[in-house]
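Here is how the chains run, residue by residue.
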Amino acid sequence: MVRVASLLVAALPLLACSPLASAARPWAPVHADVRAWVDAHAIAVGDPAAALDLGPLCDAIAGAPVIGLGESSHGVHELKVAELAAIRCIAERPGPGTILFEVAPELGRSLDAYVQGETTAPDLGAGDLVGTEELRETLDWIRAHNHGVAAEERVRLGGLDIFCWERCMDAVGGYVASVDPSAAPTIEGHFDALRSPEVDPASDRGARGRAALDQIDAFLVDHRARFEDAQGPASWAEAAHQVALVRATLNEAFGPFYLRDRDRAMADNALWIRDRLRPGEVLILIAHSGHVAADRQLLPNGRPSPPSMGEHLRHRLGRGYVAVHMTFESGSFMAHRAGRLRGEEAGHRNPLAVYAAPEPAEGTLEALLGGQGAAIVVDLRSLPAEGAAARWFNWEHHARGLGASWRRSHARWPLEEIGWARLVPALAFDLVVQVPRATPLTPL
């Protein structure tokens, strides 16, 4: 009996901040006014199953140097259709562009080689949310587009995420060997410390590996002038950046980094690439809406989550960073089966399956924007300075945020908070694209 009481007490915080508990009861008297503003400002952009014209979105983000296209689920076909529609209308306008997907830098390089016409179709893998027919279609369109434009106008691709291990170590080792062969064995010795199974999270949490990276960093800094004289500043900067990616990957694997600093490292990676863009080039970041959001999000216990990539970019770029939330009202999605607390693989290692998405409760962003009958774009930057709509969008609400793994129990109390982000819509997102119905994507 005591145990049951303890479980009920522990569940109270989850119940208190679940989407059902936070339904828009306080907003009931003005809900009609807020909905009227949405109806007046939502722009219909078509049907993802037929034709989707995101020209209004491209008009709204024109001139922004960095654009985050966030998806509320990685496993929805219609959101991939919306992303491709956005890519098409941006690419077909004057000026070059670079797109960074939420993948490792090495995969990003292979995707770019393909769309530049340098290689055959890349290996996208299978059995996960990356290797999909939707991504293949996007890559094929970009490749065809690049074939018909001048080299300086081509779309380039890359990896936004931090995971770079052997490839980055090999590249830095090769760079050092090409300039200073006598130093190469020492550098390789430091990298061997990273590859060693003795770098064990259960013992030193990667301290030995970080010490090795400190030595490599010190070497590059001490010999920077000589290396830049030999192969130029760009090559030295690329090597230093690859060491930073290895460090971020190490920290993610051997510490609490993933929940604390992954998004900061992703923002650093995006800005490093932005600083090397062609004149007038736009940078497009395609990632989960949780990464793209430009303002804080609250955890189920009410505490702020670690700063997102979008928060870091908004802090550094101001309104030069535009965050877009691409979401859906209802339907189904694909995700890995989430692991149990004990005795099962982590979610992303489990098989993919199709799940029904939780219906948006009253008071959620998706519920407010629903019922339009078509895909819509809403520009939250056009909110009035005061009034019911301004107050609603500048208050905390829940927005859809389905992760890469899922269990059906996540849609039921007391776990129904999972799959929703608690945030201030007008601060987290500049624009919202919502489709009425979602279907699962198609794995290869």
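Refer to the structure above for everything that follows.
Attention in this report is confined to the structure presented alongside it. The structure displayed is predicted, hence computed values, not measured ones.

**Considerations on the state of the cysteines**
Working step 1: For the structure shown, the criterion picks out two disulfides.
Working step 2: Here cysteine 164 pairs with cysteine 168 through a disulfide, and the sulfurs are 1.9 Å apart. Here the disulfide of cysteine 164 and cysteine 168 is right-handed, its torsion about the S-S bond being about 100°. Comparing cysteine 164 with cysteine 168 shows no difference in burial state: the two are buried.
Working step 3: Sequence-ordered numbering of the bonded cysteines in the protein chain yields a pairing of 1-2, 3-4.

**Describing the environment of alanine 248**
Working step 1: Within the secondary structure layout, alanine 248 lies in helix α11 (residues 233-253).
Working step 2: Put simply, alanine 248 and methionine 266 are 18 residues apart on the chain and 9.3 Å apart in space, counted from C-alpha to C-alpha.

**Some words on the pairing of strand β3 (residues 66-71)**
Put simply, side chains in a regular strand alternate between the two faces of the sheet.
Working step 1: The buried count for β3 comes to six of six residues, which makes it a mostly enclosed element.
Working step 2: Taking every second residue as pointing to the same face, both faces of β3 are buried, with Val66, Gly68 and Gly70 on one and Ile67, Leu69 and Glu71 on the other.
Working step 3: Strand direction decides the pairing type here: β3 and strand β8 (residues 321-337), joined by six bridges, are parallel. Its bridge partner being in β8, leucine 69 is matched across the sheet by valine 324.

**Examining the nonpolar core**
Working step 1: In terms of nonpolar packing, the biggest core is built from 69 residues, with Leu285 and Phe393 touching the most fellow members.
Working step 2: It is α11 that contributes the most residues to this core, eight residues altogether.
Working step 3: Ignoring sequence-local partners within four residues, the contact set of leucine 285 consists of Val66, Ile67, Gly68, Leu69, Leu100, Leu160, Ala270, Val292, Met309, Leu313 and Tyr321.
Working step 4: Within the second largest apolar cluster, 52 residues are counted, among which are Ile67, Phe101, Val155 and Tyr355.

**Digging into the pairing of strand β5 (residues 155-159)**
Working step 1: Counting buried residues along β5, four of its five residues qualify, which places the element largely inside the surrounding structure.
Working step 2: Summarising the sheet, strand β4 (residues 97-101) and β5 pair through five bridges and their orientation is parallel. Residue pairing in the sheet places leucine 100 in a bridge with glycine 158 of β5.

**Section: the packing of helix α13 (residues 262-274) against helix α15 (residues 309-317)**
Working step 1: Contact geometry of α13 with α15 gives a least axis separation of 7 Å together with a crossing angle of 45°. With respect to α15, the element α13 is oriented oblique. Our pair here, α13 against α15, has a crossing hand that is right-handed. Facing Asp263, Arg264, Met266, Ala267, Asp268, Leu271 and Arg274 of α13, the residues of α15 in contact are Met309, His312, Leu313, Arg316 and Leu317.

**Topic: the pattern of salt bridges**
Working step 1: Going through the model one piece at a time under the given rule, you end up with 22 salt bridges.
Working step 2: Aspartate 261 is paired through a salt bridge with arginine 264; the nearest N and O atoms lie 3.7 Å apart.
Working step 3: Across the salt bridge formed by arginine 278 and glutamate 281, the nearest N and O atoms sit 2.7 Å from each other. The same class applies to arginine 278 as to glutamate 281, namely buried.
Working step 4: Several salt bridges share partner residues, and in doing so they unite Asp261, Arg264, Asp268 and Arg316 into one network.

**Concerning the side chain of serine 72**
Working step 1: You can see serine 72 is positioned in the loop between β3 and α4 (77-91).
Working step 2: Of the residues examined, serine 72 reaches a relative accessible area of 0% and is grouped as buried.
Working step 3: A polar contact of 3.1 Å, which involves the side chain of serine 72, links it to the side chain of threonine 327.

**A look at helix α6 (residues 133-147)**
Working step 1: Relative to the 21 Å expected for 15 residues at 1.5 Å per residue, α6 spans 21 Å between its end C-alpha atoms, a close match to the ideal helical length.
Working step 2: Listed as buried for α6 are Glu134, Leu135, Thr138, Leu139, Trp141, Ile142, His145 and Asn146. Viewed end-on, α6 has its buried residues packed into an arc of 160°, placing them on one side of the element. Opposite the buried face of α6, at more than 90 degrees from it, the exposed residues are Ala144 and His147.

What counts and what doesn't
- Residues numbered from 1 in each chain as written.
- Predicted model: local features only at pLDDT ≥ 70, side-chain atom pairs only at ≥ 80, totals over all residues.
- Heavy atoms only, no water.
- Disulfide = S-S within 2.5 Å.
- Buried < 20%, exposed > 50% of the residue type's maximum accessible area, 1.4 Å probe, protein only.
- Helix = DSSP H or I, 4+ residues; strand = E, 2+ residues; numbered from the N terminus.
- Pairing = 2+ DSSP bridges.
- Core = buried A, V, L, I, M, F, W, Y, C linked by side-chain atoms within 4.5 Å.
- Contact = heavy atoms within 4.5 Å.
- Axes fitted to C-alpha atoms, helices over the stretch in contact; angles between N-to-C directions.
- Parallel < 35°, antiparallel > 145°, perpendicular 65-115°, else oblique.
- Left-handed = near helix turned anticlockwise from the far one by under 90°.
- Salt bridge = Lys/Arg side-chain N within 4 Å of Asp/Glu carboxyl O.
- Polar contact = N/O pair within 3.5 Å; in protein donor to acceptor, adjacent residues only side chain to side chain.
- Expected span 1.5 Å × (residues − 1).
- Arc of directions from axis to C-beta.

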